[in-house]
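Reading the structure
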Amino acid sequence: MPNDETVSLLRPVLALIAKELQSLGRDRVLLVLIVWAFTGAIYAAATGVSKELHNAPIAIVDHDHSALSARIAAAIRPPQFLPPRFVTWDEVDSLLDRGEVSFVLVIPPTFKPTSLRVVPPKSPCGSTRR
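Considering the packing of helix α1 (residues 4–26) against helix α2 (residues 28–47)
At a closest axis distance of 5 Å, the pairing of α1 and α2 adopts a crossing angle of 95 degrees. Relative to α2, the element α1 is oriented roughly perpendicular. Across the interface between the two elements, L24, G25 and R26 from α1 touch R28, L30, L31 and I34 from α2.

Put into C-alpha cells, the structure is as follows:
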C-alpha cells in the first residue's frame with residue numbers, strides 16, 4: 001500500500017498523463033500516425049520487398065569455352081537466377097538496355113589457365129627479411 005508521500009508525488013505525473021491522452025484523443029492525425037507506425041508500417045516491412053535475389057535474368061559471354069567456365073555456368077541456377085543465356089559480346093548492350101538481363105558474366109579467353117596458375121603469396125608488409 002503506497003504511503004501519502006508517494007501518492008502526492010505521483011498525482012502530478014498521473015494528471016500529466018491524463019492530459020496528454022486527452023490531447024491525443026482530440027488529434028486524429030497524430031493518433032492515426034501512431035497506430036500506423038506500430039502496426040501497418042511493421043506489417044508492410046515484414047511482408048514487403050525481399051532483399052534476396054530471386055529469378056534474376058543473367059547472360060554469359062564465354063570466351064574461354066573450357067570445362068571450368070562450363071561448371072561456373074552450371075552453378076548459376078534457380079531460385080536465385082533464371083537459366084543463363086549464352087550470348088556474344090555484341091549482344092550485351094542491347095540486352096541490358098532492353099532490360100532482358102540484369103547481369104552479364106564475362107569469362108575471358110584466358111580464364112582457365114589464369115585461374116589454375118599458382119601464384120606465391122606476397123607479404124602485405126613488404127620484405128620478410130629482418
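With respect to the nonpolar core
Counting 7 residues, the largest nonpolar core is built from A56, I58, I60, A73, I76, F81 and I107. Setting aside its immediate chain neighbours within four residues, I76 contacts I58, I60, F81, P84 and L105. Judged by nonpolar contacts, the second largest core, of 6 residues, contains V61, V87, V92 and L95.

What to know about the pattern of salt bridges
Within this structure, the stated rule accounts for 3 salt bridges. The residue E100 makes a salt bridge to R85 at a minimum N-O spacing of 3.0 Å. Residue E100 is found in the loop between α4 (92–98) and β3 (103–107), and its partner R85 is found in strand β2 (residues 85–86); the two are separated by 15 residues along the sequence. E100 gets classed as partly exposed once you look at its relative accessible area, which sits at 34%. By relative accessible area, R85 is classed as partly exposed at 35%.

About the criteria used
Residues numbered from 1 in each chain as written. Predicted model: local features only at pLDDT ≥ 70, side-chain atom pairs only at ≥ 80, totals over all residues. Heavy atoms only, no water. Axes fitted to C-alpha atoms, helices over the stretch in contact; angles between N-to-C directions. Helix = DSSP H or I, 4+ residues; strand = E, 2+ residues; numbered from the N terminus. Parallel < 35°, antiparallel > 145°, perpendicular 65-115°, else oblique. Contact = heavy atoms within 4.5 Å. Core = buried A, V, L, I, M, F, W, Y, C linked by side-chain atoms within 4.5 Å. Buried < 20%, exposed > 50% of the residue type's maximum accessible area, 1.4 Å probe, protein only. Salt bridge = Lys/Arg side-chain N within 4 Å of Asp/Glu carboxyl O.

These figures capture arrangement, not role.
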